[in-house]
Amino acid sequence: IIVLLWACVSVMVLGDVSVYDENNLLENIQALTLGLSLLLFLMPLADRSRNDRLIAAFFSVLVVGFILRELDVEKFDLPSIIVFVGSGKGRNAMLAIGFFVLLSVAVFNFRYYFSLAKCFIRSRVGITAIIAGIFLIVGDMFEKIDIPHHVLIEESFELIGYTILLAAASSVARREIRSDT
C-alpha cells in the first residue's frame with residue numbers, strides 16, 4: 001500500500017512518471033513479489049508426503065510466466081540461450097511444455113486431481129488466487145485504455161494482484177489442500 005501511495009504521489013503530485021516505466025520501481029517490486037511467490041509455491045514440491053504438489057507446480061509455472069512477462073530479459077546482459085528461453089517464442093514454448101507436463105500428470109489420475117481442483121477453488125486459498133487473477137485481468141484492461149496515467153493504473157492493479165497471489169502462495173506453502181476423495 002505504501003508503494004502504491006508513493007507511486008501515486010510521485011505521478012500525480014510530483015509529475016514523476018518514471019515510477020511506472022519499464023524495469024523501474026513498480027515493475028521491480030512486482031518481480032520481487034513474484035520471486036517470493038515462486039519460492040513459496042516451490043516449497044511444497046520438496047515435501048513428498050503432500051498430495052497437492054500438482055497445484056503448487058501449476059502455480060510455479062504460472063508465476064515463472066508472470067516473472068518473464070514483467071522482466072524484459074532481452075534487455076539484460078545475459079547469454080543468448082537464456083534470452084531465447086526467457087522471451088518471445090522460447091518463453092511461450094517453455095511455458096506450454098510446463099503446462100502440458102502438468103496436464104499429462106493430471107490426466108493419469110483425473111478423478112483425484114479433478115476433486116482436488118474443486119476443493120482448491122472452493123478453499124480460501126483458491127478464492128484468494130481467483131481474486132488475484134481478477135486484479136491482473138483488470139490491470140491488463142487498463143493497458144489497452146488510453147486515459148491519463150493508464151500505465152500507473154495497470155501496474156498498480158498488477159502489483160495488488162501479485163501481492164494477493166503472494167498471500168495465496170504463503171497459504172499453499174503452509175497448508176496442504178486436501179481432496180474429497
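See the structure shown above.
Since we're looking at a predicted model, the values are computed, not measured.

J.: Would you take a moment to explain the overall build of the protein for this structure?
T.: Within the protein, the regular secondary structure consists of 8 helices and 0 strands. Along the protein, helices (α) and strands (β) appear in the sequence α-α-α-α-α-α-α-α when read from the amino end. Sequence-distant contacts, at least 24 apart, represent 70% of the contacts inside the protein between residues at least 6 apart. With an accessible surface of roughly 10,500 Å², the protein has 70% of that area assigned to carbon and sulfur atoms. Put simply, the protein has 15 plus and 18 minus side-chain charges, and the middle of one group is 16 Å from the middle of the other.

J.: Explanation requested: the nonpolar core in the structure shown.
T.: Where a protein is soluble and globular, its nonpolar side chains tend to be buried together. Counting 23 residues, the largest nonpolar core has Phe41, Phe59, Val63, Phe120, Leu165 and Ile177 as the members making the most contacts within it. Ignoring sequence-local partners within four residues, the contact set of Phe120 consists of Ile55, Phe59, Val125, Gly126, Ile127, Ala129 and Ile177. Listed in part, the 8 residues of the second largest apolar core include Ala7, Leu26, Leu152 and Leu159.

J.: Please explain a nonpolar patch on the surface as it appears in this structure.
T.: Residues Phe76, Leu78, Ile81, Ile82, Phe84, Val85 and Met94 make up a contiguous nonpolar surface patch of roughly 610 Å² in combined accessible area. By residue number, the principal contributor to the nonpolar patch is helix H4 (residues 80-86), which donates 4 residues. Looking at the secondary structure, you find Phe76 in the loop between helix H3 (53-70) and H4.

J.: Sorry, what's going on with the packing of H3 against helix H8 (residues 150-174) here?
T.: Relative orientation and spacing of two packed helices are given, respectively, by the angle between their axes and the distance between those axes. The geometry of H3 relative to H8 is characterised by a closest axis approach of 12 Å and an angle of 155° between their N-to-C directions. Between H3 and H8, the crossing angle belongs to the class labelled roughly antiparallel. In this structure, H3 crosses over H8, and the sense of that crossing is left-handed. Counting all contacts with H3, which are made through Ala56, Phe59, Val63, Phe66, Arg69 and Glu70, the residues of H8 involved are Glu154, Glu155, Glu158, Tyr162, Leu165 and Val172. When the residues that make up the contact of H3 with H8 are grouped by side-chain class, the tally is 7 nonpolar, no polar and 5 charged.

J.: Just to check I follow, could you spell out the packing of aromatic side chains for this structure?
T.: We describe a pair of aromatic rings using the distance from one ring centre to the other and the angle between the two ring planes. Scanning the model with the defined rule gives 9 aromatic pairs in all. Relative to Phe59, the ring of Phe58 has its centre 5.2 Å away and its plane inclined at 85°; by these criteria the two rings are edge-to-face. Exposure remark for Phe58: the relative accessible area of 35% places this residue in the partly exposed category. Both rings, one in Tyr112 and one in Tyr113, keep their centres 5.1 Å apart while their planes meet at 75°; by these two values the pair is edge-to-face. Through a chain of ring-to-ring contacts, three or more aromatic side chains come together here, namely Phe41, Phe58, Phe59, Phe99 and Phe120.

J.: What exactly am I supposed to notice about a negative patch on the surface here?
T.: Together, Asp16, Asp21, Glu22 and Glu143 make up a region of like negative charge exposed at the surface. Considering the arrangement of structural elements, one finds Glu22 in the loop between helix H1 (2-12) and helix H2 (25-42). By relative accessible area, Glu22 is classed as partly exposed at 45%.

J.: What should I look at first to understand H3 in this one?
T.: The periodicity of an α-helix, 3.6 residues per turn, causes residues three or four positions apart to be oriented the same way. Its 18 residues place the ends of H3 25 Å apart at the C-alpha level, agreeing with the 26 Å of an ideal helix rising 1.5 Å per residue. Counting buried positions along H3 gives 13 out of 18 residues, so the element sits mostly inside the fold.

J.: How do you make sense of the pattern of salt bridges when you look at a structure like this?
T.: As a working rule, side chains carrying opposite charge can pair if their charged atoms are close by. One pass over the full model with this rule turns up 7 salt bridges. One salt bridge in this structure joins Arg50 and Asp52, with 2.7 Å as the shortest N-O distance. By relative accessible area, which is 7% here, Arg50 ends up buried. For Asp140, the salt bridge identified is with Arg69, shortest N-O distance 3.9 Å. Linking Asp140 in helix H7 (residues 124-143) with Arg69 in helix H3, this pair joins segments that are 71 residues apart in sequence. Through salt bridges with shared partners, a single ionic network connects Arg69, Glu70, Asp140, Lys144 and Glu158.

Reading the values: the criteria
- Residues numbered from 1 in each chain as written.
- Predicted model: local features only at pLDDT ≥ 70, side-chain atom pairs only at ≥ 80, totals over all residues.
- Heavy atoms only, no water.
- Helix = DSSP H or I, 4+ residues; strand = E, 2+ residues; numbered from the N terminus.
- Contact = heavy atoms within 4.5 Å.
- Areas by Shrake-Rupley, 256 points an atom, 1.4 Å probe, with all protein chains shown as cover.
- Lys, Arg positive; Asp, Glu negative; His and termini not counted.
- Charge placed at Lys NZ, Arg CZ, Asp CG, Glu CD.
- Core = buried A, V, L, I, M, F, W, Y, C linked by side-chain atoms within 4.5 Å.
- Buried < 20%, exposed > 50% of the residue type's maximum accessible area, 1.4 Å probe, protein only.
- Patch = residues over 30% accessible without salt bridge, like charges linked within 9 Å, V, L, I, M, F, W, Y side chains within 5 Å.
- Salt bridge = Lys/Arg side-chain N within 4 Å of Asp/Glu carboxyl O.
- Axes fitted to C-alpha atoms, helices over the stretch in contact; angles between N-to-C directions.
- Parallel < 35°, antiparallel > 145°, perpendicular 65-115°, else oblique.
- Left-handed = near helix turned anticlockwise from the far one by under 90°.
- Nonpolar A, V, L, I, M, F, W, Y, C, P; charged D, E, K, R; others polar.
- Phe/Tyr/Trp six-rings, centres within 6.5 Å; stacked < 30°, edge-to-face > 60°.
- Expected span 1.5 Å × (residues − 1).

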